[in-house]
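A closer look at the structure
Letter by letter, the chains look like this.
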Amino acid sequence: MHVIDFVIFLVFTLGVVVFGCSFFKKGSSADEFTSASHSIPGWVVGMSIFATYVSSISYIGYPGKAFASNWNAFAFSLSIPIASYFAAKYFVPFYRHGGSVSAYTFLEERFGAWARIYASACYLLTQIARMGSILYLLAVPMYILMGWNLHAVIILTSIAVIIYSMMGGLRAVIWADAIQGMILIGGALLCLVILMFSMPGGPMQSFELAIHSTEGNKFSLGAFTSDLTTSTFWVCLVYGVFINLQNYGIDQNYVQRYHAAKNDKEAKFSALFGGYLIIPVSALFFLIGTTLYSYYAAGVAYLPDEITQKPDYVFPYFIVNSLPIGLRGLLIASIFAAGMSTVSTSVTSAATIILADYFKPFFRGAVERNNLMVLRISSVVVGVLGAVVALAMLSVESIIDAWWTLSSIFSGGMLGLFLLGCVRRRISCVAAFIGCVVGVMVIAWISLADMWQLPGVHLHSYLAIVLGTSTIFIVGFLLSLLLFRK
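Residues numbered from 1 in each chain as written. Predicted model: local features only at pLDDT ≥ 70, side-chain atom pairs only at ≥ 80, totals over all residues. Heavy atoms only, no water.

**Some words on the overall build of the protein**
Helix and strand counts for the protein come out as 21 helices and zero strands. Seen through its C-alpha atoms, the protein measures out along the principal axes to roughly 75 × 60 × 40 Å. Within the protein, the proportion of its 486 residues that are buried is 59%. Look at the contacts in the protein between residues 6 or more apart in sequence, and 85% of them connect residues 24 or more apart. Summed over its atoms, the accessible surface of the protein is roughly 18,500 Å², and 70% of this surface lies on carbon and sulfur atoms. Taking the average location of the 25 positive side-chain charges in the protein and that of its 20 negative ones, the two points are 15 Å from each other. (Helix = DSSP H or I, 4+ residues; strand = E, 2+ residues; numbered from the N terminus. Buried < 20%, exposed > 50% of the residue type's maximum accessible area, 1.4 Å probe, protein only. Contact = heavy atoms within 4.5 Å. Areas by Shrake-Rupley, 256 points an atom, 1.4 Å probe, with all protein chains shown as cover. Lys, Arg positive; Asp, Glu negative; His and termini not counted. Charge placed at Lys NZ, Arg CZ, Asp CG, Glu CD.)

Have a look at this one:
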């Protein structure tokens, strides 16, 4: 790595940490830490939502997926407008007038404390898995660039993110996210332009080679069949609808941002702006992956076999070996921007959940100073757990597949319980509990059968959250209707 690239990367990374720490205030409060005192402009919140969603999982995982196969995973992104529309119309006003910064207080009001604890525990597990995936993908470019130890990069990055998240709270996270999101888009666009204009036959050659590749059309969105055992277009799309409704509807990362906006109008705009911006940027990352395939297929540069077998390494390898000095450092900085923004968000939101759903209910008389201390200690604990998961992921082949599988399992059908709570008819808490138990059993059956190839009917692991959510809602609703009429 040239010294200029290293300086650009180092200045940016340290700059983000210093910028985040600059929001530290001695007289800060828990409300300032968790919701930025409801004072952030809508466009900044929207950029933060975008940057949180488009993490290094997207920055490295999407190009790796498109390089190795096709655009099948893009079907997931096509479901986002549905979720962002519902968020602006229903979720934003619901949470902003709900009186609690936690997304799961509503579940306790409808079904009791068990529902809040169940949903918040599933959320915490999901965020720790997400942080682990992202920290791993942050370490990969530095390993390829300079041979730095993956373990050391993961640990040092975790420390940097924890410091500014712990000191600056949500205000620091949102403003840092907005800046990182802009750098992320700019870096990706520059990379695509260089890739396409490096082709011997001009930019159109990248499309021709991708369409007529030996593996088939690289732009294919997947099979349009009714097969539920493979990752068809419909499986990815339905999975995306459920996951994104869950993200925008009951994910604490998003709920806190709704609270941080200045008013309801700004909050609604942020949900739509952040959601719709994800579509073209996701397409940009998939196009980078497809163009990388054409770039190496045309013989513009040599790609070692060990890199080919690890699709997540292809984009970082291109950055290291094919980009000019200066731009290389900017691209590495933008990958770090994508990852750091998401990890910092997960740290802050998880700490908020620990305070709101575990500390406050049991220590109602705690003073403001104790609440702030719990938030900061929780930030450190969650950050450390995320680093541990990242270290455990070093042997994973495709980070996109690993993350989507873990997300589907740990989400635990929270959306089904939330939808039960939104039904106008009063749902029995016993019926909701039974529905949750049955739903979790369905999720476990689908996940384990797919993972261990158990005998019987096999469904793709992405469908775990789809059927788990549906089971919780249907079982809970029918039991309440038939057995608990009083």
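**Some details on a nonpolar patch on the surface**
Together, V3, I4, V7, I8, V11 and I325 make up a nonpolar patch on the protein surface, roughly 500 Å² of accessible area in all. Relative to the assigned elements, I4 resides in helix 1 (residues 3-21). (Patch = residues over 30% accessible without salt bridge, like charges linked within 9 Å, V, L, I, M, F, W, Y side chains within 5 Å. Salt bridge = Lys/Arg side-chain N within 4 Å of Asp/Glu carboxyl O.)

**A short note on the pattern of salt bridges**
Summed over all chains, the structure comprises five salt bridges. In this structure, E32 engages R171 in a salt bridge whose closest nitrogen and oxygen atoms are separated by 2.8 Å. On the criterion of sequence distance, the pair formed by E32 in helix 2 (residues 30-35) and R171 in helix 9 (residues 150-197) is long-range, its members being 139 residues apart. R171 matches E32 in its accessibility class, with the two residues each being buried. Residues D177 and R257 are paired through a salt bridge, measuring 2.9 Å at the closest nitrogen-oxygen approach.

**Here's the deal with the nonpolar core**
Ranked by size, the top nonpolar core spans 141 residues in total, and within it Y248, Y258 and F318 carry the most contacts. Considering each element in turn, this core owes the most residues, 17 residues, to helix 9. Setting aside residues no more than four positions away along its own chain, Y258 makes contact with I49, A87, F91, V92, Y95, R96, Y248, A267 and A271. (Core = buried A, V, L, I, M, F, W, Y, C linked by side-chain atoms within 4.5 Å.)

**A word on the confidence of the model for the protein**
When pLDDT is averaged along the protein, the result is 83; 91% of the residues meet or exceed 70. Within the protein, the element-level pLDDT minimum falls on helix 18 (residues 399-410), averaging 65, and the maximum on helix 13 (residues 264-297), averaging 91. (pLDDT = per-residue confidence, 0-100.)

**A word on the layout of surface pockets**
Take a probe with the size of a water molecule and roll it over the atoms, and the empty space left behind shows itself. Put simply, the largest pocket is a space of about 330 Å³. What lines the largest pocket is a set of 16 residues, among which F9, T13, L156, T157 and F336 lie closest to the centre. A total of seven residues in the lining of the largest pocket trace back to one element, the largest contributor, which is helix 9. Taken together, the residues of the lining of the largest pocket sort by class into 14 nonpolar, two polar and no charged. Taken as a whole, the second largest pocket spans an internal volume of roughly 270 Å³. In terms of lining, the second largest pocket is formed by 15 residues, of which the most central are S100, V101, L355, A356 and K360. Only helix 2, helix 7 (105-111) and helix 16 (327-359) provide two or more residues apiece to the lining of the second largest pocket. Per element, the largest residue contribution to the lining of the second largest pocket is four residues, and it comes from helix 16. (1 Å grid on protein atoms, 1.4 Å probe; cavity = no way out; pocket = protein on both sides within 12 Å on 5 of 7 lines; lining within 4 Å. Points joined across faces, edges and corners; volume = space filled by probe spheres on them. Nonpolar A, V, L, I, M, F, W, Y, C, P; charged D, E, K, R; others polar.)

**So, the side chain of S48**
Assignment of secondary structure puts S48 in helix 3 (residues 42-53). In this structure S48 comes out as buried when scored by relative accessible area, which is 0%.

**Some thoughts on helix 19 (residues 414-422)**
With seven of its nine residues buried, helix 19 lies for the most part within the structure. Within helix 19, the full set of buried residues consists of M414, L415, G416, L417, F418, L420 and G421.

**Concerning the packing of aromatic side chains**
In total, this model carries 27 aromatic pairs according to the counting rule given. An angle of 65 degrees between the planes, with centres 5.5 Å apart, marks the rings of F106 and F418 as edge-to-face. Pair noted here: F106 is in helix 7 and F418 is in helix 19, with a separation of 312 residues, a long-range link. Given the relative accessible area of 2%, F418 is considered buried. (Phe/Tyr/Trp six-rings, centres within 6.5 Å; stacked < 30°, edge-to-face > 60°.)

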